[in-house]
Amino acid sequence: MFGKRSRRALAAVAASVLCLGTPLVAIAQDSTDAAVAAAETAAEVATQVAPVAGVDNTTTVIVWLIAFLASICALVQAYLFYKTMQDSDPGTDRMQEIAGYVREGANAYLTQQYKIVGIFFVIIVALLAYAAFGLNVQSRWVPFAFLTGGFFSGLAGWFGMKTATLASNRTAAGAQKSLNAGLQVAFRSGAVMGLTVVGLGLLDITLWFAVLYWILPMVNPDYTMKLVDITVTMLCFGMGASSQALFARVGGGIFTKAADVGADLVGKVEQGIPEDDPRNPATIADNVGDNVGDVAGMGADLYESYCGSILATAALGVAAYSTSILVPDGMDGVQAQLQAMLLPMAIAAIGIFLSIAGIYVVRTKDDATQKNLLAALGRGINLSTVLVAIAAILLGAWLMPKTPGTTFNLGGLVIPGVAFSVITGLLAGWLIGKWTEYATSDEFSPTKKLADQALTGPATIIIGGIADGMMSVWLPVVVICIGTLTSFGFANGWNYADVNFFALGLYGVGIAAVGMLSTLGITLATDAYGPIADNAGGNAEMSGLDPIVRQRTDALDSLGNTTAATGKGFAIGSAALTALALMAAYIEEVRIGFERWGDEVVEVVDADFIKASDGFVVSRYTDVEGTEHAATWLVAPATVADNDELTTAWDAKSFKEGPIAVDDMIAYDKNADGSIVLDEKGRPAGAAFISTGDKLTFLPAAHLQDFSNYYNFSVMNPKVLVGMFLGMMATLVFCAMTMKAVGRAAQGMVEEVRRQFKEKPGIMEGTELPDYAAPVAISTKAAQREMILPSLLGLALPVLTGLLLGVGGVMGLLVGTLTGGFCVAIFMANAGGSWDNAKKYIEAGAHGGKGTDAHKAAVVGDTVGDPFKDTSGPSLNILIKLMSMVSVVVAGLIVRYSLVALGIF
């Protein structure tokens, strides 16, 4: 694949990283001074630990290099496709002129959007910096991680938009030659978007890992970060990506649909002129919107989905192997954590190489139907999917710790069940994509029957589209439910009831999301190519090209509507699995929040046991070297409530004025000689109430179920139930906000287009040019103004809910947003896609074709569906993950300063 010089350079890089990495093993390990001391004084440890092999940093370096090189390869391949597109025939001067108008409008919009988003980012970074440096409730790297996540997300969208605006006239020029030539230009230009997203995403992840795991300890040997801290810190840059994605998706969606509605209602329905007719003043704004909404917005959206799934799964892998119970005999616990953390990165890296291979097999014949075009794209996606499934088995066998009871023996090859979790995710994504094709493509009966309903007017096609969208929800929900249960079961050996295996099962769910998104390089290409084909059709219409060119671009565009709906289904499906993994990662951040709180408590109160809140106790212990440490403990509410005397005594120790000593109530577990019982890491192994002997829960070893008991994650808990209602409410209010925003923006657009037709009668006669700039300005201003409130809803609601209702309320909020948002998003995306393709089915000749009453009714249905499928629906998957990400980032704040933690509520 590489020349000899390249091979030598690669070997040099590998050798350099190996040399840098090898001496840093001890620094980067998840260990403490107490752990070292315990190893030296093994006689004092209650349970002797069998000798284990040392951490193999070579494996870490190899996987990191594979991931880093895959990201570079994706970016290089994206650049090669970009250059190929640039070198293709740009068409006539008129075609280039029209594409130039669209490009200028898109650049102007994104520049303005990034200015407004930049202001919000400065404010959010300042708040995060205060939380990190002032309140000490989160890692001090979080503000910087937030910035890089937002920057790379915006960069991915910008690269995709720049490519798309250059590709539209070249796609039209290719379609002059043949359908396949047009497909190649559009699809490989869309592949620039797909490969840029995965390349920048994996690059961001690998660079952050290198900084936190290798470079920082090298610069400051006294500075150490446990692996759980590294993964949770890296996860926080997902909040930056999610925030940028929501602004991009909502703003771009409002822009494009306001222009689209204005262009369709006045141009096609009232004036009876074709779509993309150069006499329509809104047609340039419509084409600009396709790029800033469907390309830049989707790119930013799936960038954060891709990164979020990898990082959440990595955090769960570290959490699952944080105790020795699941670690295989003879394997170091840190090594197990490392390899579980690196596996999702390795799968994503191999997915990049295999996506590129799939892109190269996409081609079709000139007389292809939409079914043939779908089959052409399907060949590429199916090839990549099958190869990733095989790779997942091999990577799982290499990297995943062989926890007893969770492996399968295939012909002598021991394969962890996690490999089958990856395949489950791939299969779930494929099934959702196929179902979306069936529900939205005019090759199948649902959309054909919907088109039939246009014969009786707009009302019946709107009713039918809403019903079809609602009905289409059932199979994706069933697929996600089955996928969640099976990926959970494969990963933890079907031990649903064993609390020790629960975190490993959640890791399986997370890695199923990684599997679903591992072929994003090609699946996003099939999505991003749609707006390029749509713009190519507009370019052909406005340039007056031969009708066969518009016929070919319409075939590509109709396919693009289906693939775009498939991409949205993919994004929403991955959002569901990723959100569940993020909810589990949220608990890990809650754990870290308690530990940070405990470190501060022992500095201000001189006691062995300190009550910091009703259920949080901090203890102080000294290792054999004389170094003091804080140990953190949870007191389950039932532990105190079961004994009236203990309840009275415990309540008397009020923490309202600050943490208070409780040395007279709690004691460490002791050996027969009076020494403290230690665990394998040299920490106190247990503590209990003196009066009753009831145990406290040692926070570092607490299971998810321990947190569930502590916070009462039950629907019978009113705080959790209220949170669920708020999550469902947020879903509907968010959709209402974005739909109303499109309606208000479209109203201004319709008035402007009508004004121009009225005041400039020469437009219809072809003797006077319309003012294209005014509609672009209207959409730009409306989008910038209207995107703020919906975005603030996603950012502020998790914080406010947490401060009022505590961690239990936040969990309820995330559950409500996930379940409600998933169903509503599928409904809206599929209903909108079906309306759009029903219109195109009629325009292709069904029921009398263009200009008939059926066509006008279908245009009205499509107009209703536009904000469904391109604004509100696809934005919901970002809302789901943004709320989860914000919850993770502010977990430390909620743990310490919520009304629940303060004992007020």
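Note that this is a predicted model, so its numbers are computed, not measured.

1. Topic: the confidence of the model for the protein
Move 1: Scored by pLDDT, the protein comes out at a mean of 86, with 92% of its residues at no less than 70.
Move 2: Taking the mean pLDDT of every element in the protein, the minimum, 32, falls on helix α2 (residues 25-28) and the maximum, 96, on helix α15 (residues 458-471).
Move 3: With pLDDT under 50 throughout, residues 1-53 is counted as low confidence; its partners more than four residues away or in other chains account for 65 contacts.

2. A closer look at the packing of helix α16 (residues 474-491) against helix α17 (residues 502-517)
Move 1: In the contact formed by α16 and α17, the axes pass within 7 Å of each other and the chain directions differ by 125°. Classed by the angle they form, the pair α16 and α17 counts as oblique. With respect to the hand of their crossing, α16 and α17 are arranged in right-handed fashion. Contacts between α16 and α17 involve I480, T484, S487, F488 and A491 from the former and F502, L504, G505, L506, G508, V509, A512 and M516 from the latter.
Move 2: Taken together, the residues of the contact of α16 with α17 break down into 9 nonpolar, 4 polar and no charged.

3. Re the environment of A579
Move 1: Note that A579 resides in helix α19 (residues 547-604).
Move 2: Considered as a pair, A579 and V605 are 26 residues apart in the sequence and their alpha carbons are 39 Å apart.
Move 3: If we ignore the near neighbours within four places in the chain, the residues touching A579 are L818, I880 and S884.

4. Quick notes on the packing of aromatic side chains
Move 1: Under the counting rule described, the total for this entry stands at 36 aromatic pairs.
Move 2: Ring geometry for W141 against W208: centres 6.1 Å apart, planes inclined by 85°, an arrangement best described as edge-to-face. Within this pair, whereas W141 is found in the loop between α5 (93-134) and α6 (142-177), its partner W208 is found in helix α7 (residues 179-219), the two being separated by 67 residues in sequence.
Move 3: Ring centres of F488 and F502 lie 5.2 Å apart, and the angle between their planes is 65°; this geometry places the pair in the edge-to-face category. Linking F488 in helix α16 with F502 in helix α17, this pair joins segments that are 14 residues apart in sequence.
Move 4: Three or more aromatic residues link up through ring pairs in this structure, and these residues are F408, F420, F488, F490, W494, Y496 and F502.
Move 5: Residue placement shows K719 over the ring face of F905; its charged tip is 5.0 Å from the ring centre.

5. Topic: the nonpolar core
Where a protein is soluble and globular, its nonpolar side chains tend to be buried together.
Move 1: Among the nonpolar cores identified, the biggest contains 253 residues, and F209, Y586 and F594 are the most heavily contacted of them.
Move 2: Broken down by element, the residue count for this core peaks at 22 residues, all from α7.
Move 3: Excluding its chain neighbours within four sequence positions, the residues that come into contact with F594 are F616, T632, L634, L699, F707, Y710, Y711 and V895.
Move 4: Listed in part, the 17 residues of the second largest apolar core include V635, V640, V662 and I666.

6. A word on the pattern of salt bridges
Move 1: Scanning the entire structure with this criterion turns up 29 salt bridges.
Move 2: R279 is paired through a salt bridge with D277; the nearest N and O atoms lie 2.9 Å apart.
Move 3: Take R279: its relative accessible area is 26%, and that puts it in the partly exposed class.
Move 4: Using a relative accessible area of 6% as the deciding quantity, one classes D277 as buried.
Move 5: The shortest N-O distance in the salt bridge between K434 and E437 comes to 3.9 Å. Remark: E437 and K434 occur in helix α13 (residues 418-440); sequence separation between them is 3 residues, near one turn of the helix.

7. Some words on the pairing of strand β4 (residues 616-622)
Move 1: Within β4, 6 of the 7 residues are buried, which leaves it mostly tucked inside the rest of the structure.
Move 2: With 4 bridges joining them, strand β3 (residues 609-613) and β4 adopt antiparallel strand pairing. Across the sheet, residue F609 finds its bridge partner in β4, namely S619.
Move 3: Here β3 folds back onto β4 in antiparallel fashion, the turn holding 2 residues.
Move 4: In this sheet, strand β5 (residues 628-634) lies alongside β4 in antiparallel orientation, the contact comprising 7 bridges. When the sheet's bridge partners are listed, R620 is paired in β5 with A630.

8. Some remarks on the sheet that holds strand β9 (residues 697-698)
Strand pairing in a sheet relies on backbone hydrogen bonds, with the paired strands running either antiparallel or parallel.
Move 1: With antiparallel pairing, the 5 strands of this open sheet are ordered in space as β6-β3-β4-β5-β9. Only two strands of the sheet have a single neighbouring strand rather than two, namely β6 (660-661) and β9.

9. Considerations on unusual backbone geometry
Move 1: Non-glycine residue N136 carries a positive phi angle of around 55°.
Move 2: Positive phi outside glycine occurs at N712, with the angle close to 60°.
Move 3: For N712, the location among the structural elements is in the loop between α22 (704-711) and α23 (718-759).
Move 4: On the basis of relative accessibility, which here comes to 38%, the residue N712 falls in the partly exposed class.

Cut-off values and rules
Residues numbered from 1 in each chain as written. Predicted model: local features only at pLDDT ≥ 70, side-chain atom pairs only at ≥ 80, totals over all residues. Heavy atoms only, no water. pLDDT = per-residue confidence, 0-100. Helix = DSSP H or I, 4+ residues; strand = E, 2+ residues; numbered from the N terminus. Contact = heavy atoms within 4.5 Å. Axes fitted to C-alpha atoms, helices over the stretch in contact; angles between N-to-C directions. Parallel < 35°, antiparallel > 145°, perpendicular 65-115°, else oblique. Left-handed = near helix turned anticlockwise from the far one by under 90°. Nonpolar A, V, L, I, M, F, W, Y, C, P; charged D, E, K, R; others polar. Phe/Tyr/Trp six-rings, centres within 6.5 Å; stacked < 30°, edge-to-face > 60°. Lys NZ or Arg CZ within 6 Å of the ring centre and 35° of its normal. Core = buried A, V, L, I, M, F, W, Y, C linked by side-chain atoms within 4.5 Å. Buried < 20%, exposed > 50% of the residue type's maximum accessible area, 1.4 Å probe, protein only. Salt bridge = Lys/Arg side-chain N within 4 Å of Asp/Glu carboxyl O. Pairing = 2+ DSSP bridges.

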